[in-house]
Every structure is written in structure tokens, then in C-alpha cells.
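# Chain and residue survey
Chain residues, written in single-letter form:
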Amino acid sequence: MKQSLIYLLLFALGVILALFGWIPEVLLKDDISKWILYGLLFFVGIQIGSSKNMFTAVRRFGFKIVLVPVATTVGTFAGVALVSILLPGRSLSDCLSVGAGFAYYSLSSILISEFRGAELGTVALLANIMREFIVLVFTPWMVRYFGKLSPICAGGATTMDTTLPVITKYSGPDYVVVALFHGMIIDFSVPLWVSFFLTL
Amino acid sequence: MITGKDFFHTFVNKDFSIKIKIMLNIILIILSGVVVGYFVRKIPQVKYTGTIISLIIMLLLFFLGVSVGTNEQLVKNFSSIGLDALIITFGATLGSVLCAWLIYSTFFKKP
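Residues numbered from 1 in each chain as written. Chains lettered and ligands numbered in written order. Predicted model: local features only at pLDDT ≥ 70, side-chain atom pairs only at ≥ 80, totals over all residues. Heavy atoms only, no water.

### So, the packing of helix α7 (residues 118-146) of chain A against helix α4 (residues 78-108) of chain B
Just so we agree on the cut-off: Think of each axis as a best-fit line through the C-alpha atoms, taken over the contacting stretch in the case of a helix, with angles from 0 to 180 degrees between the N-to-C directions. Each helix is a run of H or I in the DSSP string that is no shorter than four residues. Each strand is a run of E no shorter than two, and both are numbered from the N terminus. Just so you know how the angles are binned, under 35 degrees is roughly parallel, over 145 roughly antiparallel, 65 to 115 roughly perpendicular, and the rest oblique. The sense of a crossing depends on the near helix, which, turned anticlockwise from the far helix by less than a right angle, makes the crossing left-handed and, turned clockwise, makes it right-handed. Gly falls in the polar group here, along with every residue not listed as nonpolar (Ala, Val, Leu, Ile, Met, Phe, Trp, Tyr, Cys, Pro) or charged (Asp, Glu, Lys, Arg).
Relative to each other, α7 of chain A and α4 of chain B sit at 40°, their axes nearing to 8 Å. It follows from the interaxial angle that α7 of chain A and α4 of chain B lie oblique. Crossing handedness for the pair α7 of chain A and α4 of chain B: right-handed. Of the residues that constitute the contact of α7 of chain A with α4 of chain B, the class distribution is 17 nonpolar, six polar and two charged.

Shown next, in the form of C-alpha cells:
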């Protein structure tokens, strides 16, 4: 939660400094951000490759654990496709690329900005921050009405870090491995899905 | 003076094949990270990866903020952008919660 606030503050700081025209023009070069982004993706890969929880989780819950990230992905895309009818100004693939952020707002918004410009990038940033926020706030309610997996699927890529404590508390410690496994798979899939929808 | 130039607007006007190439680049970069990560997983310094990622993200989000702030159109429409974001999130969250409910009651819940 603290980290999300810092991210949001830095974004706001950028907006404010730019509004007042306090940004030196040297910083407004296009290609710097692209190379920083590629560096970021490389480190995201390292983080995934060096984590060890993946196989222990599969061993404990069996194959059905794979269904959890599948449910997240199918549910997210179906839901986004449905509400995209309410957004005539945006194409289906743009909406799906925002949805494919799976609450991983930092990476998804930056990727989308790079491909489609800052407007859709900002939609992605806000939408995916809201998704994390919803899970942080509504998890007790979700668990009561929709079962112990619901905050995990709603939490998307954040279930291995920011939303893990609240999931542990309300879904129970049994579901920690599920949340970690799920978070890792979804984390890895975010850049793939986002870039896939943006090429459509 | 800063114009309304959009800083992150790199690939928008380029054609399809270039986008495919960029997507492949992205996949290859992540996969090479995964391979490197697997081989260095026992080296203690690997634990700093998360910190490095956070720092890069902070830098890039600051830049995203700058590109939003320099774009007058975007600043003017900020509330409608927020509403679009809320609608998309509503669909995404509700859809995944319902699917979670389905597989929970079918495969996970103990009788």
C-alpha cells in the first residue's frame, strides 16, 4: 500500500511539474524511455526466473491450481469485452489491453503508453490501481459471497505481493500458495497479453 | 518551452509489422530475463531485483506523469478518462470474481 502511494505521488509530481513547465527539455526525449522500459522487462524476467514457489504450489494443490489463473484471465477478458459496449469511444482491443494489466498498473500503463500514447496509458494506470484498491477494500465481502478464490482472481498480478496479506487473512493460510502461484503466472502474462492486444 | 509533444507516443504511427517486431522483442527480453534469473537464483544479490524494478517503475511513472501534464487535451479530459477506467475495472473485476466463484464451488470447496 505504501509503495502504491509512492508510485501515485511520483506520477502526480510529474503531472504537476509539467503543468508548471518545470521540466528541462532534455528529459523529453522519446528513445530514453524505451530503453529504460526494456531494462525493466529484463529485470521482471529475472524476478520470475529466480523465484522458487512455483513448483511446490503445484505439488500441494495438484493440477487444479492451474485453473485459478485461467479463471482470472477468462473472467477479466469476458467482463471487459462486455463493458466495452458502454465505451463507444474506445476499441475492444484497447479496452482489453487495459484489462490485461491485471492490476499490474505500473508495467501495463508504461507498456500501453509506449504503444498507444499517454491517454490510454493513463486509463490503464487508473483502471489497474482501482483494481488493486477494490481487492484491498472489498476482500472480506468477496470471500463471504463468492468464495475463497474470488479475491485471488480479482487481485490479478498483485496476489504475490501487495494484496497477499489481505488474501491470507480472509481466504486463510491454505490459499497463500495458490495466491503466490497465481500472482506469478499472471505477472508473467501481463506484458505478453498487453502487447498482444496492442498489435491487433 | 515545452510543447504538447507526447513523450511516450513512439510507436503509434508506425505500421503493423514494426509492432509485431516490438512484441517479439518484449517477449524475448522477458524470456532472457527468466533464463538469467533461473541461473542466478542462488546468488544472494538477486534479492535486490525487486528494489531495482521499483526504482525503474518510479522513474517511468514520473515520466508518464510528465507526458500527461504536457498534454493539454489529456489534462482537460481527466475526469472522463477516470470514468472509462472505472468502467473497465468494474467489468474486469466482476468477470474474474464470477469465474473464481464458478471454479471454487466446482473444484475447490470441500463438501
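Next comes the rest of the write-up.
### What about the layout of surface pockets?
Spelled out, the test is: Cavity means a closed set of points on a 1 Å grid over the protein atoms alone, one where a 1.4 Å probe fits but cannot get out, pocket means an open set with protein on both sides within 12 Å along at least 5 of 7 lines, and lining means a residue has an atom within 4 Å of a point. Grid points are joined across faces, edges and corners, and a volume is the space filled by probe spheres set on the points.
Put simply, the largest pocket is a space of about 350 Å³. Along the walls of the largest pocket sit 20 residues, with Q3, Y7, Y104, S106 and D161 of chain A positioned nearest its centre. Secondary-structure elements contributing two or more residues to the lining of the largest pocket are α1 (2-19) and α6 (105-116) of chain A together with α2 (49-69) of chain B. Of the residues forming the lining of the largest pocket, the biggest block, five residues, is contributed by α2 of chain B.

### Description of the pattern of salt bridges
All names here are of chain A. Rules: When a carboxyl oxygen of Asp or Glu is within 4 Å of a side-chain nitrogen of Lys or Arg, the pair counts as a salt bridge.
Counted by the stated rule, this structure contains three salt bridges over all chains. Among the salt bridges present, the one from R116 reaches D94, with a minimum N-O distance of 2.9 Å. Pair noted here: R116 is in helix α6 and D94 is in helix α5 (residues 92-99), with a separation of 22 residues, a long-range link.

### Overview of the UniProt feature "transmembrane region" (unreviewed entry) in chain B
All names here are of chain B. Basically, it comes down to this: UniProt positions are given in the numbering used here, feature names are shortened, and annotations may be inferred rather than shown by experiment.
If you check UniProt for "transmembrane region" (unreviewed entry), the listed places come out as residues 20-40, 52-69 and 81-104 in our numbering. Measuring from the first to the last C-alpha atom of residues 20-40 gives 30 Å, for a span that is 95% helix and 0% strand. Counting secondary structure, residues 52-69 comes out at 100% helix and 0% strand; the distance between its end C-alpha atoms is 26 Å.

### Things to note about empty space enclosed by the protein
For the structure on display, the rule yields one cavity of 30 Å³ or more. Within this model, the largest cavity holds a volume of roughly 40 Å³. Residue lining of the largest cavity: V98, G99, A127, N128 and R131 of chain A together with I88, T89 and A92 of chain B, and that is the complete set. Within the residue set of the lining of the largest cavity, elements represented by two or more residues are α5 and α7 of chain A together with α4 of chain B. Classifying every residue of the lining of the largest cavity by side-chain character gives four nonpolar, three polar and one charged.

### Some words on a nonpolar patch on the surface
This is how the line gets drawn: Patch building starts from residues that exceed 30% relative accessible area and form no salt bridge, then joins like charges within 9 Å and nonpolar side chains (Val, Leu, Ile, Met, Phe, Trp, Tyr) within 5 Å. Accessible surface area values rest on a Shrake-Rupley calculation with a 1.4 Å probe, where residue burial reflects the displayed protein chains alone. Partly exposed describes any residue whose relative accessible area lies between the buried limit of under 20% and the exposed limit of over 50%, with all areas from a 1.4 Å probe on protein chains only and scaled to the type maximum.
On the surface, I16, L19, F20 and W22 of chain A together with V75 of chain B cluster together into a nonpolar patch covering about 530 Å² of accessible area. You can see F20 of chain A is positioned in the loop between α1 and α2 (30-50). Relative accessible area serves as the criterion here: at 54%, F20 of chain A is assigned to the exposed category.

### Description of the packing of aromatic side chains
The line we're drawing: What counts as a ring pair is set by centres within 6.5 Å for rings of Phe, Tyr and Trp (its six-membered ring), and what kind of pair is set by the plane angle: stacked under 30 degrees, edge-to-face over 60, tilted for all other angles. The rule for a charge over a ring is simple: NZ of Lys or CZ of Arg within 6 Å of the ring centre, and within 35 degrees of the ring normal.
Within the structure shown, the criterion is met by 14 aromatic pairs over all chains. Centre to centre, the rings of F42 of chain A and F43 of chain A are 6.1 Å apart; their planes meet at 70°, and the pair counts as edge-to-face. For F43 of chain A, a relative accessible area of 24% gives the class partly exposed. One aromatic cluster is present, formed by F77, F102, W193, F196 and F197 of chain A through successive ring pairs. When the ring centre of F108 of chain B is taken as origin, the NZ or CZ atom of K64 of chain A, which lies over that ring, is 4.9 Å away.

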